[in-house]
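Tertiary structure, described
Chain residues, written in single-letter form:
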Amino acid sequence: MQYKILTSLGLIAAFTTPNTMAESAQIKYAKYQQNSQVLSVRGSIEREPGMPNSRRENKLVEIVDAANPTTVLASTYAKRAFRARIKQADLAYIPCEVGVVIEGELNDIVYESVTNAPELCGGYTTTLTGLITDEPIPYASVSVTIGGQTYTTTADVNGAYSLDIVSANLQELLVIESSAINEATGDEINFVNMVGSFSRVLSDPDPVNVTNVTTASYALVVEANGGAAPTTAEELATAETAVDATELFELAAVIKLIVDNPDYSLPDGYDSVLDLVSDEAAVDAYIAATPAEDLNAAVEDILSDSDLVAGFDAEDIPSLYYAIAVTTPGYIARSGSALEFDSVNGSGSALSFNAPSGQPLNQAFNWQLNNGRIEVIYSAPDTIEELVAEIEYVTDDPQEIAAFYAGGGVDDNFFTQRTTTQRAYTRVVDGNLVDVVSVEVRSTLVTAPITLADGSVLTIAAPKLIIGNENETFRSSLDITPIAFDAQCSDGSTCVQGDWGGVYHYSEGPRTYDDFVFPESAYAELITFAADNVTEGEISGVSATWSVDGDGRLVIAYANGMVQTSQILDQNALEFGVFSSFENGDERFASYDIWVRADNSFSLDTNYLLPGESTRFWAGEVNTWIPGSIESSGLVIPSRLWGWAFSSIDVSNTFATQWSEPDSNGESSLAFVSQPPVSFIENANSVVINRFDFAKRYWYPITDTVIDGERVFYVIEREERDAELWYGGEPGFKTYIPARMNIERERDKADYQGVVRD
């Protein structure tokens, strides 16, 4: 992309100054009238020396941008006086200074500053270049509308285009649209690329391709933004955090099949590609009717085409990449990790932790850039414990699989250990905040002998090699401006002093089902930050000291030498998305989770927990942030409607099961089940639900709010179980669910009765 920033000072030097020009014109005034949004310019043409008035002729008068004299704002013909009233709506921008040119003689230009010019006066010009491609699409029309002006061109036979555009507003979002007709089917191929702010375009010299991938990304961004295209960089960044990479690949694959494969076309009722991909229900139906092998082949074609994927350049790779899970729109993620890259010696580290086991992870690796892919080889691979139920996951041996089922399988899950040795990262979308990355992963699974339901033991003879693909969303540290914690305060949303529901460094003790001792790592906690810079955890009883550094990061120093450094990356009302790194000598790991500032006046008493209506119950949202939890109709999927209905004396575990078949009116109802009621206890600092005789669930209250008219409260939640009472194991209540942040929302079962679903 070629570009230049045009400023008055820079270009006037290329012409003679007003003092040395022939006095062929005079500007009496140039004024921007803000009320009417009109630029008014008045002046006169001076008589040439010795010319009688009777011989004056009409001359072409052009009002130009003084900073870019080839940009004509208005033109007229005049013998003596001239006047121009130019509507702002007809301009890409209001110039800071205008010039008047008579009969095209730039050497005789005269200048005048614009009175009352807006702060964003003057124009920035750039030339967009790139391809319109899925396979290259010849002669596509290309257009950009910015600053109220539309710029158009036509791509060449190879799909290449070049387009000069101008804007005064560096923050305005730039969207490139293209259109062509598929000669084989007659379908309209209209691709879109929401590139980002004009300032980003000016600073990035790379070509801007308009493709099936950028169109899929645009459609999902619009969907995540409530059905409207973002109008600011902030809206765009927020919407990008809710774009699911897997869904993006599926959508891009659908477009590629329709455009390239003669066996596929637009379904009836849709005139263009963009119309189809903007209809979530129609896309879901199209994908369901398309063989998986065709979709997978299209994705493979996309990943292998350098014109369709952004790829990595050496200068694009930051020292720190945040890998934060994508969310349902309106939610903040509750998992994430980090990748550190040393570009000097090709080393790095993957910092994270395995939440179910509390296992801290610091995986050193070596990396190289190969054809736009980052290839990572772990020098000392970590082994992660996984709890699984499917025998096919851990072995491909048909005799072992048959023996598993012949023995009745297992009563519960069984363990396997995954060791990941290599990863290769392909950046598909270079977003404004979020990069969408496809990851090829090579791992081995080693499974201990499995005790089957009939008492026999199955031995998995050989480790299983898995070569798979994951989709991740990355955020470069270069693109993030963290929200600062405030230390010098007594109140405010980011004021450290007071109580927080957040992440703390402690151990959850032994685990119920195998007496595994949870290591000290990152668990949710109700933390008190005192004015004397001392902290204490409500659950753990651990004390530490705190401070805020010069970059607004919260630093917690524990007595055992561990230092936790936390910074806010996201905010959604009361919720903060906080990335925390932990370091104690060679021990390093990281986590990302929700933090919420606590309200000391909030308590979970019986009156609060009672439902507002008999059909309402408290549904936990610990997993509702995962994409796919909300249907296109806005209804929550049944598996996420799991929670508790309180009375004044007991509480019932209440949850949804399945939808009924639509009736003649197309209406369905969702069935709900309530387990027999159990007791609960109100303590001074918690509520304990006696879920079973062997299970106790603890809630430590943080605060409450109202979201979309529904009551919501935040708690630190954990569960303990007695293994002896549960399954005949060792006696004693031990950790079953390590402490985590949960959000309980009052849902109404009546909202799920007699509804038409998309």
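What you are looking at is a predicted structure, and each value in this text was computed from that prediction instead of being measured.

1. Observations regarding the environment of E508
Along the polypeptide, E508 turns up in the loop between β28 (498-506) and β29 (521-529). Taking the C-alpha atoms as reference points, E508 and R718, separated by 210 residues in sequence, lie 9.8 Å from one another. E508 has contacts with F518, Y523, R718, T735, P738 and A739, leaving out every residue within four places of it along the chain. Side-chain polar atoms of E508 contact the side chain of R718, separated by 2.7 Å.

2. Digging into the sheet that holds strand β2 (residues 25-33)
The strand order β2-β3-β6 describes an open sheet built from three strands, whose pairing is antiparallel. Only two strands of the sheet have a single partner each, and these edge strands are β2 and β6 (81-87). The mean inter-strand angle of the sheet, taken between neighbouring strand axes irrespective of direction, is 10°. Pairing geometry for strand β3 (residues 38-45) and β6, over seven bridges, is antiparallel. When the sheet's bridge partners are listed, V41 is paired in β6 with A84.

3. Considering the nonpolar core
Core analysis: the largest hydrophobic core is formed by 73 residues, its most contacted members being L128, Y161, L174, I176 and L248. Ranked by residues supplied to this core, first place goes to helix α5 (residues 245-260) with eleven residues. Apart from the residues within four sequence positions on either side, I176 is in contact with L128, V142, S143, V144, Y161, F191, V192, N193, V195, V208 and V210. One finds A522, I568, Y592 and Y714 within the second-largest nonpolar core, a separate group that totals 57 residues.

4. A short note on the packing of α5 against helix α7 (residues 280-288)
In contact at an axis separation of 11 Å, α5 and α7 are set at 70° when each is read in the N-to-C sense. Our classification of the angle between α5 and α7 gives roughly perpendicular. Across from E250, L251, V254 and I258 in α5, the residues of α7 making contact are V283, Y286 and I287. Among the residues making up the contact of α5 with α7, the classes are represented as six nonpolar, no polar and one charged.

5. Brief notes about the pairing of β3
Most of β3 sits inside the fold, with seven of its eight residues counted as buried. Connecting β2 to the next strand, β3, in antiparallel fashion are four residues, including Q37 with a positive phi near 55°.

6. Focus: the sheet that holds strand β44 (residues 710-722)
Taken in spatial order, the nine strands line up as β40-β38-β37-β36-β45-β44-β43-β42-β41 in an open sheet, and their pairing is antiparallel. At either end of the open sheet lies a strand with only one pairing partner, and these are β40 (670-674) and β41 (680-682). The sheet shows a mean angle of 30° between the axes of neighbouring strands, taken without regard to direction. Summarising the sheet, β41 and strand β42 (residues 687-692) pair through three bridges and their orientation is antiparallel. Considered in β42, the bridge of I681 is made with V688.

7. Overview of helix α4 (residues 233-240)
Each turn of an α-helix holds 3.6 residues, which means side chains three or four residues apart point in the same direction. Buried residues of α4: L236, A237, A239 and E240, and no others. What you see down the axis of α4 is that its buried residues fit within an arc of 165°, all on one side. Structural note: α4 exposes E234 and T238 on the side pointing more than 90 degrees away from its buried face. Buried positions along α4 lie against β13 (173-181), β15 (192-197) and α3 (212-224).

8. Some points on the side chain of E508
Among the residues examined, E508 registers a relative accessible area of 6% and is labelled buried. Engagement of the side chain of E508 in a polar contact is seen with the backbone nitrogen of A739, the distance being 2.8 Å.

9. Focus on the state of the cysteines
Per the counting criterion, the structure on display carries two disulfides. A sulfur-sulfur separation of 2.1 Å characterises the disulfide bridge that pairs C489 with C495. An S-S torsion of about 100° defines the bridge between C489 and C495 as right-handed. The pair formed by C489 and C495 is uniform in burial state, with each residue classed as buried.

10. A short note on the pairing of β42
In terms of burial, β42 is a largely internal element, five of the six residues being buried. Linkage of β41 to β42, two consecutive antiparallel strands, is achieved through a turn of four residues. The pairing of β42 with strand β43 (residues 695-707) spans four bridges and is classified as antiparallel. Each bridged residue has a counterpart across the sheet, and for F692 the counterpart in β43 is A695. Connecting the antiparallel pair β42 and β43 is a turn made up of two residues.

11. Here's the deal with a positive patch on the surface
Together, K28, R42, R83, R85 and K87 make up a region of like positive charge exposed at the surface. On the secondary structure map, K87 appears in strand β6.

12. With respect to the packing of α3 against α5
At a closest axis distance of 8 Å, the pairing of α3 and α5 adopts a crossing angle of 130°. For the element pair α3 / α5, the angle class is oblique. Like other packed secondary-structure pairs, α3 and α5 cross with a definite hand, here right-handed. Seen from α3, the contacting residues are N212, V213, T215, A216, S217, A219, L220 and E223; seen from α5, they are E247, L248, L251, A252, I255 and K256. Residues belonging to the contact of α3 with α5 are distributed by class as follows: eight nonpolar, three polar and three charged.

13. Notes on the packing of aromatic side chains
By the definition in use, this model includes 39 aromatic pairs. Their ring planes at 85° and their centres at 6.3 Å tell us that Y513 and Y736 sit as a pair that is edge-to-face. Of this pair, Y513 sits in the loop between β28 and β29 while Y736 sits in strand β45 (residues 733-748), placing them 223 residues apart in sequence. Residue Y513 is classed as partly exposed on the basis of its relative accessible area of 27%. Overall, Y736 belongs to the partly exposed group, its relative accessible area being 26%. With centroids separated by 5.8 Å and ring planes inclined at 10°, the aromatic side chains of Y608 and W618 adopt a geometry described as stacked. Taken together, the positions of Y608 in helix α11 (residues 606-609) and W618 in strand β36 (residues 616-620) put the pair ten residues apart, joining distant regions of the chain. Judged by relative accessible area, Y608 falls into the buried class, the value being 14%. Judged by its relative accessible area of 1%, W618 is buried.

14. Side note on the pattern of salt bridges
Scanning the model with the defined rule gives 33 salt bridges in all. Between K256 and E135 there is a salt bridge, with the nearest N and O atoms lying 4.0 Å from each other. Taken as a pair, K256 in helix α5 and E135 in the loop between β9 (124-133) and β10 (141-146) lie far apart in primary sequence, 121 residues in all. Residue classification places E135 among the partly exposed residues on the basis of a relative accessible area of 46%. Note that D570 is salt-bridged to R475, the shortest N-O span being 2.8 Å. Separated by 95 residues along the polypeptide, D570 in strand β33 (residues 563-572) and R475 in strand β27 (residues 464-476) bring together distant segments of the chain. Residue D570 is classed as buried on the basis of its relative accessible area of 14%. Each of the salt bridges in this network shares a partner with another, and the network as a whole consists of R691, R697, E717, E719, R721 and R740.

Definitions and cut-offs
Residues numbered from 1 in each chain as written. Predicted model: local features only at pLDDT ≥ 70, side-chain atom pairs only at ≥ 80, totals over all residues. Heavy atoms only, no water. Helix = DSSP H or I, 4+ residues; strand = E, 2+ residues; numbered from the N terminus. Contact = heavy atoms within 4.5 Å. Polar contact = N/O pair within 3.5 Å; in protein donor to acceptor, adjacent residues only side chain to side chain. Pairing = 2+ DSSP bridges. Axes fitted to C-alpha atoms, helices over the stretch in contact; angles between N-to-C directions. Core = buried A, V, L, I, M, F, W, Y, C linked by side-chain atoms within 4.5 Å. Buried < 20%, exposed > 50% of the residue type's maximum accessible area, 1.4 Å probe, protein only. Parallel < 35°, antiparallel > 145°, perpendicular 65-115°, else oblique. Nonpolar A, V, L, I, M, F, W, Y, C, P; charged D, E, K, R; others polar. Arc of directions from axis to C-beta. Disulfide = S-S within 2.5 Å. Patch = residues over 30% accessible without salt bridge, like charges linked within 9 Å, V, L, I, M, F, W, Y side chains within 5 Å. Areas by Shrake-Rupley, 256 points an atom, 1.4 Å probe, with all protein chains shown as cover. Salt bridge = Lys/Arg side-chain N within 4 Å of Asp/Glu carboxyl O. Lys, Arg positive; Asp, Glu negative; His and termini not counted. Charge placed at Lys NZ, Arg CZ, Asp CG, Glu CD. Left-handed = near helix turned anticlockwise from the far one by under 90°. Phe/Tyr/Trp six-rings, centres within 6.5 Å; stacked < 30°, edge-to-face > 60°.

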